[in-house]
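# Summary of structural features
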Amino acid sequence: MPGTMQFDLVSPERSLASGQASSVLIPGADGDMVAMPDHAPVVTGLRPGIVAAEIDGGMLEFVVTGGFAQITTEGATVLADEALPKAEITSGFLDERIAAAKEGQEASTGATADETAKRVADLETLKGML
Amino acid sequence: MPSLKDLKTRIDSVKSTRKITQAMQMVAAAKLRRAEEAASAARPYAERFEAVLAGLAAGIGEGGPKLLKGTGSDQTWLLVVMTSERGLCGGFNSSIVRLAKAQAKKLVDDGKTAKILTVGKKGREQLRREYGDHFVGHVDLTEVKRVGYANAQDIASDVLGRFDAGEFDVAMIYFNKFESVISQVPQELQIIPARIEASEDATVFDYEPGDDEILAELLPRGVATQIFAALLENGASEQGARMSAMDNATRNAGEMIDKLTIQFNRTRQAVITNELIEIISGAEAL
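Residues numbered from 1 in each chain as written. Chains lettered and ligands numbered in written order. Predicted model: local features only at pLDDT ≥ 70, side-chain atom pairs only at ≥ 80, totals over all residues.

Right, let's talk about the environment of Gln6 of chain A for a bit. Residues and elements named next belong to chain A. Of note, Gln6 is situated in strand β1 (residues 5–10). The exposure class of Gln6 is partly exposed, given the 14 C-beta atoms found within 10 Å. Taking the C-alpha atoms as reference, Gln6 lies 9.7 Å from Thr72; in sequence the two are 66 residues apart. Among all residues touching Gln6, those that are not within four sequence positions of it are Gln20, Glu74 and Gly75. (Helix = DSSP H or I, 4+ residues; strand = E, 2+ residues; numbered from the N terminus. Buried ≥ 20, exposed ≤ 12 C-beta atoms within 10 Å, placed from the backbone. Contact = placed C-beta atoms within 7 Å.)

Before going further, it helps to spend a moment on the interface of chain B and chain A. Contact with chain B, which involves 22 residues of that partner, is made by 20 residues of chain A. At the level of secondary structure, the elements contributing two or more residues to the side of chain B that touches chain A comprise α1 (4–59), β6 (206–208) and α6 (211–285) of chain B. Sort the elements by how many residues they give to the side of chain B that touches chain A and α1 of chain B lands first, with 8 residues. Looking at the side of chain B that touches chain A, its residues break down into 15 nonpolar, 3 polar and 4 charged. Note that strand β5 (residues 42–46) of chain A and β6 of chain B share 3 bridges and pair parallel. Considered in β6 of chain B, the bridge of Val42 of chain A is made with Asp206 of chain B. (Nonpolar A, V, L, I, M, F, W, Y, C, P; charged D, E, K, R; others polar. Pairing = 2+ DSSP bridges.)

What follows is about helix α4 (residues 121–131) of chain B. Every buried residue of α4 of chain B is listed here: Lys122, Gly123, Arg124, Gln126, Leu127 and Tyr131 of chain B. Of the surrounding secondary structure, the elements contacted by the buried residues of α4 of chain B are β1 (76–82), α3 (92–109), β2 (113–119) and β3 (135–139) of chain B.

Here the focus is the pairing of β2 of chain B. Residue and element names in this part refer to chain B. Burial of β2 is extensive: 6 of the 7 residues sit out of reach of the surface. One crossover worth recording links β1 to the parallel β2 by way of α3, and it is right-handed. In terms of strand pairing, β2 meets β3 through 4 bridges, oriented parallel. Note that in β3 the partner of Leu117 across the bridge is Gly137. In this fold, the crossover linking β2 to β3 by way of α4 has right-handed handedness. (Right-handed = clockwise from strand over helix to strand, strands pointing away.)

Further remarks concern the domain arrangement of chain A. All names here are of chain A. Structurally, chain A comprises domain 1 (5–86) and domain 2 (90–129). Computed from C-alpha atoms alone, the centre-to-centre distance between domain 1 and domain 2 is 22 Å. Between domain 1 and domain 2, the contact holds 6 residues from the first and 6 residues from the second. Broken down by class, the residue content of the side of domain 1 that touches domain 2 amounts to 3 nonpolar, 2 polar and 1 charged. (Domains from an automatic or database assignment.)

In this model, chain A carries an average pLDDT of 86, and 97% of its residues clear a pLDDT of 70 or more. Helix α2 (residues 111–129) of chain A is the least confidently modelled element of chain A, averaging 80 in pLDDT, while β1 of chain A averages 92, the highest of any element. (pLDDT = per-residue confidence, 0-100.)

So, on to the domain arrangement of chain B. When its domains are assigned, chain B resolves into domain 1 (4–21 + 247–281) and domain 2 (35–245). Relative placement of domain 1 of chain B and domain 2 of chain B: their C-alpha centres are 50 Å apart.

Here you go:
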């Protein structure tokens, strides 16, 4: 039986989840990663995606739009810019974010153009996953 | 000597004022509870954020981004003064303004430039006369019913935009920290360059993408987080201040009603006595 670790998901406005998880899937900026107990310490940025924590055999899924995560040997903390339980997400919520990201993409030039384009693509992929 | 009718009108007017202040006090009490809940819900994020940033800052020795290390000068300051949109909240706004004014005066005396960004119109009104020409901007939250992180992000991006444009070197925020209903303490907090206490925890983290990129992402967010926390503290303080101000007003109105009622009764008695004297002396004259 593998051990568990402390998992916390917080957004600036509230704390969404806290508990002992056996694994946490994190949509890292450079790719998805799964944190398990005794994971090497990492701090990673987040791209828009789904955070899935396995708590007591059940999966808790949350949609995050960005932020970052800190993983230590004892636990994983996700600090999301915006987070909602997957069940509470409406297509309007994502459409708004996509529209905002597209606006940002049109306004950006040069070095930031790639980043903004990636954000639009990430958000659209996320919409497709739901 | 006011007439009986005048006194009656005054008593009625004070009574209706008391009703209004009583209602405002109750409304403030309800809003205060909500504001306090919002402030405590936001605390875990702020605490964890600080912990991550502290770990990160410990690893950055010399150099590092300007948001952390500063521009190397402290000639121009930006004072972000956060006050309320509504009045009738006792000394809430004045105490913040007083602190900001003291700092602005010190800066001007030292030959430095002070720029003022106001959040909330009450502070703006109070600062306008003396420091109106130092204003660089204003954030209007009149339409905002409930302060969200998005509001803080808007203010932060405004501040960061000015910083990137080289408009100032140091930024401070002014707000009231909520201690209790009767005590709100005005605070000044430096947000740029960020003041981070390096943690003692020696855990070495891997950073993805790189630590510079993460730091560049985190520092602006730190500004927004601090502003958000200040807005929430301010919100709770405002309601607390209003609650005790309205409580005082209600009590004062009650005292005034008592005084006026006594005066009213005495005047009535005097009128009656007068009439009696007139009748009696009239009867005696016959």
